[in-house]
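# Notes for the structure review
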Amino acid sequence: MHIKRILHIGIAVAELESGKRLYHNVLGLPVSKEEVYQEDYNLCFLPVKETEIELFSDVNPGGPVAEIIDDLGGEGVHHIAFEVDDI
């Protein structure tokens, strides 16, 4: 397996709007798209050249992201997605 690039870095946040403000207002990253995934996750993507920062939060309080944040000990990096030539 050959890694081509980092596709995105997934960051769990308690509240999507405050996460977007931080990454947009402080770091100057534009929001490229937003979506709800599987009715559980609010997602937004902020491009950094060929990679994206993916912020994700719960649609409903106490959902799966709250558990991830508890496990991490706070908001932060949850995963790194690689683009590969063949899995």
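Residues numbered from 1 in each chain as written. Predicted model: local features only at pLDDT ≥ 70, side-chain atom pairs only at ≥ 80, totals over all residues. Heavy atoms only, no water.

## Observations regarding unusual backbone geometry
Quick note on the threshold: Comment: elements are numbered from the N terminus, with helices defined as DSSP H or I runs of at least four residues and strands as E runs of at least two. When a residue's accessible area, from a 1.4 Å probe over protein chains only, is under 20% of the maximum for its type it is buried; when over 50% it is exposed; and in between it is partly exposed.
The backbone of glutamate 39 sits at a positive phi, close to 60°, despite the residue not being glycine. Inspection of the secondary structure assignment puts glutamate 39 in the loop between strand E2 (33-37) and strand E3 (41-48). The residue lysine 49 is not glycine, and still its phi comes out positive at about 55°. A residue is classified by how much of its surface remains accessible, and lysine 49, at 84% relative accessible area, is exposed.

## What to know about the nonpolar core
The test is simple: We define a nonpolar core as any set of buried Ala, Val, Leu, Ile, Met, Phe, Trp, Tyr and Cys residues linked to one another through side-chain atoms lying within 4.5 Å. Two residues form a contact once any of their heavy atoms are found within 4.5 Å.
Listed in full, the nine residues of the largest apolar core are Ile11, Val13, Leu16, Tyr23, Leu29, Cys44, Leu46, Ile53 and Leu55. At the level of elements, helix H1 (16-26), E3 and strand E4 (51-58) are the ones that each hand at least two residues to this core. Ignoring sequence-local partners within four residues, the contact set of leucine 29 consists of Tyr23, His24, Leu46, Pro47, Val48 and Ile53. Core analysis: the second largest hydrophobic core is formed by seven residues, Ala12, Phe45, Val65 and Ile69 among them.

## Considerations on the pairing of E2
What counts, and what does not: Strand pairing is assigned whenever DSSP identifies at least 2 bridges connecting the two strands.
Pairing geometry for E2 and E3, over five bridges, is antiparallel. Within E3, the residue paired with glutamate 35 across the bridge is leucine 43. In textbook terms, the turn of a hairpin is the stretch between consecutive antiparallel strands, and for E2 and E3 this stretch comprises three residues, one of which, glutamine 38, has a positive phi near 50°.

## Focus: the pattern of salt bridges
Just so we agree on the cut-off: The salt bridge definition used is simple: a Lys or Arg side-chain nitrogen within 4 Å of an Asp or Glu carboxyl oxygen.
As enumerated under the stated definition, the model contains three salt bridges in all. Between arginine 5 and glutamate 83 there is a salt bridge, and its shortest N-O distance comes to 2.7 Å. You can see arginine 5 sitting in strand E1 (residues 3-12) and its partner glutamate 83 sitting in strand E5 (residues 76-84), a full 78 residues away along the chain. Judged by its relative accessible area of 28%, arginine 5 falls in the partly exposed class. Ionic pairing is found between glutamate 34 and lysine 20, a salt bridge with its closest N-O pair at 2.9 Å. Here the residue glutamate 34 occupies a position in strand E2, and lysine 20 occupies one in helix H1, the gap between them amounting to 14 residues. Overall, the relative accessible area of 46% leaves glutamate 34 in the partly exposed class. Among the residues examined, lysine 20 registers a relative accessible area of 11% and is labelled buried. What you see here is one network of salt bridges that share partners, running through Glu17, Lys20 and Glu34.

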